[in-house]
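Residue strings, one per chain:
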Amino acid sequence: MNHVSRKTLLLLAAGTLLCSLQVRGQSQDAPPTLDPTKKQQQQQQQQQPDASKPEVTPLTLDSAPPPVNAEEEGAIKAFRDMPASDVPRKIQAGEEFVQKYPDSRYRSDVFIWLVRGYLMQDQIDKMEAAGDKELALNPNDPQTLAILGSTLPRAMNASTPNPVQRLDKSERYCKKSLELLPALPKPAELSDEAFAKAKDQTSAMAYGGLGLIAIRRQQFAEAIPNFEEAIKLDPTPDPVNFYLLGIANQKTSHFDDAVAAYTKCAAIPSGLQATCKSGIDEAKKLAATKMSAPK
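Residues numbered from 1 in each chain as written. Predicted model: local features only at pLDDT ≥ 70, side-chain atom pairs only at ≥ 80, totals over all residues. Heavy atoms only, no water.

Here we look at the overall build of the protein
A count of helical and extended segments in the protein gives 13 helices and 0 strands. Starting at the N terminus and ending at the C terminus, the protein contains elements arranged as α-α-α-α-α-α-α-α-α-α-α-α-α. Evaluated residue by residue, the protein yields a buried proportion of 50% over its 295 residues. (Helix = DSSP H or I, 4+ residues; strand = E, 2+ residues; numbered from the N terminus. Buried < 20%, exposed > 50% of the residue type's maximum accessible area, 1.4 Å probe, protein only.)

See the structure below:
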């Protein structure tokens, strides 16, 4: 819990539809997203600007983005077409794009990808910075909110500055993501099934983040329903959530439930298997010597 392992980060990143970049074709446009501005941005790209009307990107801080020139169009196309499997190279291209075109109408697209790219590279500080820039442009981006809200508390350790404020920020992000998701309009390019799956996975991240925030605050009873909801919603549950659910149940003297959670954690191939097997033994010993709390 004191650091974010590469495997855990990949599991978390793979849980979002945007990170299907890893397995999608290598010359496609921007991947499916839950960003409510995406459809409008795509329509703007397909149409010639009307010189008589100011162009406005919804949900951004820019009331009239500058005209797009051929060089900028070529740069964003090259960025989107770049293989997502080459994460370092694509990160570099994204950084160069936002540096060269700081007022581009496409910078939100780039920041969205950089959040996922930095996450996969364990560059949490850069992930947070890119995420905050994206949320300044599009405060109603539930996936970025959920990714930051669930990752930041995982990356905390004893030397993390301002831990209380960091947990408060993470909690706000997770809760806002969950508030936005029910009313989020379905992008035209997504099927009903894919959209529902993306929303469930995003909700699972947010609930998992709230569970960990409660653990960090020693609020173990509050952590339990959040982890249970995260596990229920995610078709490929994160073993970290099972492990933390085991801890929360053990701390609240729900020993049988702790054994069940640790057992499920131990059944998933990950770096936590040995730890969860030890947790099973510990919870069983406690169950034999202490009274379990009523459910």
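Quick notes on the packing of aromatic side chains
What describes a pair of aromatic rings is the distance from one ring centre to the other and the angle between the planes of the rings. Applying the stated criterion across every chain, the model contains 3 aromatic pairs. Taken together, a centroid distance of 6.4 Å and an interplanar angle of 45 degrees make the contact between Tyr243 and Tyr262 tilted. Of this pair, Tyr243 sits in helix H11 (residues 239-251) while Tyr262 sits in helix H12 (residues 255-266), and the two are 19 residues apart along the sequence. The lysine or arginine in question, Arg80, covers the ring of Tyr106, its NZ or CZ lying 5.3 Å from the ring centre. (Phe/Tyr/Trp six-rings, centres within 6.5 Å; stacked < 30°, edge-to-face > 60°. Lys NZ or Arg CZ within 6 Å of the ring centre and 35° of its normal.)

So, the nonpolar core
With 39 residues, the main nonpolar core has Phe97, Val110, Leu114, Met127, Ile147 and Leu148 as its most contacted residues. Those elements giving two or more residues to this core turn out to be helix H3 (70-81), helix H4 (87-100), helix H5 (107-120), helix H6 (124-137), helix H7 (142-151), helix H8 (163-180) and helix H9 (192-216). Here the element with the most residues in this core is H5; it accounts for 8 residues. Discounting residues that sit within four places of it in the chain, Leu114 has contacts with Ile91, Gly94, Glu95 and Ala130. Leu212, Ala266, Cys276 and Ile280 belong to the second-largest nonpolar core, a separate cluster that totals 25 residues. (Core = buried A, V, L, I, M, F, W, Y, C linked by side-chain atoms within 4.5 Å. Contact = heavy atoms within 4.5 Å.)

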